[in-house]
Amino acid sequence: MAKEPSTQYVCQECGFRSPKWLGRCPGCSQWNSLLEEKIDAQHPAQLLPAATVEAEPLDGRTAGQGPRRLSTGIDELDRVLGGGVVAGSVVLIGGEPGIGKSTLLLQALHGVSTGGKTLLYASGEESADQIRLRSRRVGISSPWLYVVADSLLENILGLTEKLDPDVLAIDSVQTVYSNQLESAPGSVSQVRHCASRVILEAKKANRPTFLVGHVTKEGAIAGPRVLEHMVDTVLYFEGDRGHSFRILRAIKNRYGSTNEIGVFEMSEKGLCQVMNPSELFLAERPLGVAGSAITAAIEGSRPLLVEVQALVSPSSLAIPRRTTMGVDHNRLALLLAVLEKKVGYSLAQQDIFVNAAGGVRVDEPAVDLAIAAAVASSFLEKPIDPGTVVLGEIGLTGEVRGVSRVAIRVKEAARLGFSRCLVPRGSAEGLQDVADMEIRGTASLQDALRELFDEESPPDY
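Once a new chain begins, its residue numbering starts again from 1 and follows that chain's sequence as written. Reporting of local features is limited, given that this is a predicted model, to residues whose pLDDT is at least 70; pairs of side-chain atoms are given and counted only at 80 or more, and all residues count toward the totals for whole chains, interfaces and linings. Working from all heavy atoms in the structure, the side-chain values ignore hydrogens and water.

An account of the overall build of the protein chain is needed here, citing residue identities and associated values.
Per the convention used, a helix needs a DSSP run of H or I reaching at least four residues, while a strand needs a run of E reaching at least two, with both numbered from the N terminus. Each helix and strand in the protein chain was counted, giving 12 helices and 23 strands. With a 1.4 Å probe rolled over the protein chains alone, any residue whose accessible area is under 20% of its type maximum counts as buried; one over 50% counts as exposed, and the rest are partly exposed. Out of the 461 residues belonging to the protein chain, those deemed buried represent 49%. Partitioning the intrachain contacts of the protein chain with sequence separation of at least 6 by distance along the chain shows that 67% fall at a separation of at least 24. Each accessible area is a Shrake-Rupley estimate made with a 1.4 Å probe; only the visible protein chains count as cover when residues are assessed. Surface accessibility of the protein chain: about 22800 Å² in total, with carbon and sulfur atoms responsible for 50%. Contact criterion: two residues are considered in contact whenever any of their non-hydrogen atoms come within 4.5 Å of each other.

And the structure:
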């Protein structure tokens, strides 16, 4: 009689199972993602008794009432969450190592505890003394915040049942393991099992729960992709270690918008909120230098003024370099083709580097005109007027298309002291009364560059 296998190979990306090792996963086509795990035959699946449920009418008496929210005391975090954390919701926070996930979570729990709420912070990566040292460094002290350094899920859930906290936080979900499974912590089966039990307890107790997740080298949250589908909210903490700015962005939010961002600054006292990120991003911008353009982007419900920088220099390579930071690389290639075809600039033998200053990422089409203007400014060695803001979408034929919510963009530019705004001609109507600044409309990229650089015709390069 054939002996049943005691191990199997499980893909750490998609959960595909195979009786033998494979170099490439047939489920997600990832290389070297199958790891060996033991098959646990001592804990067969248990059939749970069916619960009695009842349906409610859609227009019942609770209709129109929004979910009950709990403020974290951090306005930027509450904005990204949609107004606060919802009771019974599970929030997953991901980010690179050292970006500030644990610090943000500790400060958020401290903000909740000021209202007399009991909180439990379970850490599988740091000891209790290490957490106390960080709390003292950032100035956090609360008798309602309990800390436990344990990775066993059964111990954490048992302590949760004993303390009955108002908020639970687990840092991180990849370090938590259950004794019901024999696989290693961080494996697909462990992460899926632990997350499902934590989510079930959060829904049953109507308890807000925070989970911290590691990210892979590609920037995605480690573990099975189903983890992001199981939770209610997925937040990504972005930023560069070389910059002090941190951006919190919602990738998924069942109780709010996914367009909001929160801006923080890392300091010796922890993460500080940046209530006016436009002033912070423009604080160190150079004046009268070629290759710099200011644009007004929209992130969620508020405008954000960003400096787009470009550097164009002759290339010694057979294939010139095209490098972007904070800007879509494919969008830059499109705009360079329009500059060559419709304006007449010879950029084929030029290395071009484009950067959104401050570590911010801008993806909306409204920044097209600023990217093209910055590239043209560096190529012509002519600076753009420091008091000018440019915004607009550029089409393949060189036309400048209208963008949404122009009025609040212009108001933000006027509030920060800018005197002129170059906008699409279709969006310029009715803006003279919006802000006390000069509004100039443009219909094509050629007209925009002529307006910015006072050129009657493209240069002959």
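With reference to specific residues and values, describe the sheet that holds strand β2 (residues 17-18).
A pair of strands counts as paired when DSSP detects no fewer than two bridges linking them. Read across the sheet, 3 strands follow the order β2-β1-β3 without closing on themselves; strand pairing throughout is antiparallel. Taken across any chain shown, the strands that pair with only one partner, and hence form the sheet edges, are β2 and β3 (34-38). The sheet contact formed by strand β1 (residues 7-11) and β3 spans 5 bridges and is antiparallel. Each bridged residue has a counterpart across the sheet, and for Val10 the counterpart in β3 is Leu35.

Describe the side chain of Asp78, naming the residues involved and giving the relevant values.
Within the element layout of this structure, Asp78 appears in helix α1 (residues 75-81). Put simply, Asp78 is tucked away with no salt bridge, and the nearest opposite charge, on Arg69, sits 8.2 Å away. When sequence neighbours within four positions are dropped, the list of residues in contact with Asp78 reads Ser71, Thr72, Gly73, Gly83 and Gly84. By the counting rule applied here, Lys and Arg register as positive and Asp and Glu as negative, while His and the ends of each chain are not counted. Each reported salt bridge corresponds to a side-chain nitrogen of Lys or Arg within 4 Å of a carboxyl oxygen of Asp or Glu.

With reference to specific residues and values, describe the packing of aromatic side chains.
In summary, the pairing rule links any two rings of Phe, Tyr or Trp, Trp by its six-membered ring, whose centres are within 6.5 Å, and it sorts them by plane angle into stacked for under 30 degrees, edge-to-face for over 60 and tilted for everything else. Inspection of the entire model under this criterion finds 3 aromatic pairs. Ring plane angle 75° and centroid distance 6.0 Å describe the contact between Phe237 and Phe264, whose orientation is recorded as edge-to-face. One end of the pair, Phe237, is in strand β11 (residues 233-239); the other, Phe264, is in strand β13 (residues 261-267), and 27 residues separate them in sequence. Exposure class is identical for Phe237 and Phe264. Each is buried. Arranged with centres 5.5 Å apart and planes meeting at 90°, the rings of Phe245 and Phe281 form a pair that is edge-to-face. One end of the pair, Phe245, is in strand β12 (residues 245-253); the other, Phe281, is in helix α7 (residues 277-281), with 36 residues separating them in the sequence. For Phe245, a relative accessible area of 14% translates into the label buried. Of the residues examined, Phe281 reaches a relative accessible area of 5% and is grouped as buried.

Pulling in residues and values, what's your account of the pattern of salt bridges?
Throughout the structure, instances matching the rule amount to 24 salt bridges. Across the pair Arg321 and Asp351 runs a salt bridge, and its minimum N-O distance is 3.2 Å. Residue Arg321 is located in the loop between β16 (302-314) and β17 (322-325), and its partner Asp351 is located in strand β18 (residues 350-356); the two are separated by 30 residues in the primary sequence. Salt-bridge contacts for Glu451 lead to Arg420; the nearest nitrogen and oxygen are separated by 3.2 Å. With Glu451 in helix α12 (residues 445-453) and Arg420 in strand β22 (residues 420-424), the pair connects residues that are 31 residues apart, well separated along the chain. Each of Glu238, Arg249, Glu299, Arg361 and Asp363 takes part in salt bridges that share partners, so that together they form one network.

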